[in-house]
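Structural overview for review
Take a look at the letters that make up each chain.
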Amino acid sequence: MAISIFPVDKGESLSSFVARAVKIIKESNYPYVVTPMETVVETESIEEALKLAEECFKALEVDCNRIIVNIKIDYRKGKSGRIKGKVESVQKKINEPLSTI
């Protein structure tokens, strides 16, 4: 699941709100990668992914009146380790290192 979650009623700097969601994802112990525009997290089921998204939402709901949540889910039965595997596959095809933060 890729999730981007942020309030739209708290001004321009939103990293403290994004950090709340990232902390929840980190504490879930699922594999994850934070990028500038979204966080990618790998769960075993869609139920786990949606539960995690709901926990992130609830963390912002306490003091935010308007929240944007964008979620993308890529489901592939019987596969795990896809965050790392997908990046490695692209890197192998272009035969050179990819940019990392």
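Keep in mind that what you see is a predicted model, and the values were worked out from it rather than measured.

**Some remarks on the nonpolar core**
Within the largest apolar cluster, 16 residues are counted, with the highest numbers of intra-cluster contacts made by Met1, Ile3, Ile5, Ile25, Leu52, Cys56 and Leu60. Examining the composition of this core, we find that five residues originate from one element, helix 2 (residues 46–61), more than from any other. Not counting chain neighbours up to four residues away, the residues in contact with leucine 52 comprise Met1, Ile24, Ile25, Ser28, Tyr30 and Val41.

**Examining unusual backbone geometry**
Here asparagine 29, not a glycine, exhibits a phi torsion of approximately 70°, which is positive. Along the chain, asparagine 29 turns up in the loop between helix 1 (15–27) and strand 2 (32–34). Positive phi outside glycine occurs at asparagine 95, with the angle close to 55°. Looking at the secondary structure, you find asparagine 95 in the segment after helix 3 (82–94).

**Some points on the sheet that holds strand 2**
Strand order across the open sheet formed by four strands is 2-3-1-4, with antiparallel pairing between neighbours. Taken across any chain shown, the strands that pair with only one partner, and hence form the sheet edges, are strand 2 and strand 4 (67–72). Across the sheet, the mean angle separating the axes of adjacent strands is 15° when strand polarity is ignored. On the sheet, helix 1 packs against strand 1 (2–7), strand 2 and strand 3 (39–41) and is oriented at approximately 145° with respect to strand 1. Along the sheet face, helix 2 touches strand 1, strand 3 and strand 4 and points at about 10° away from the line of strand 1.

Cut-offs applied
Residues numbered from 1 in each chain as written. Predicted model: local features only at pLDDT ≥ 70, side-chain atom pairs only at ≥ 80, totals over all residues. Heavy atoms only, no water. Core = buried A, V, L, I, M, F, W, Y, C linked by side-chain atoms within 4.5 Å. Buried < 20%, exposed > 50% of the residue type's maximum accessible area, 1.4 Å probe, protein only. Helix = DSSP H or I, 4+ residues; strand = E, 2+ residues; numbered from the N terminus. Contact = heavy atoms within 4.5 Å. Pairing = 2+ DSSP bridges. Axes fitted to C-alpha atoms, helices over the stretch in contact; angles between N-to-C directions.

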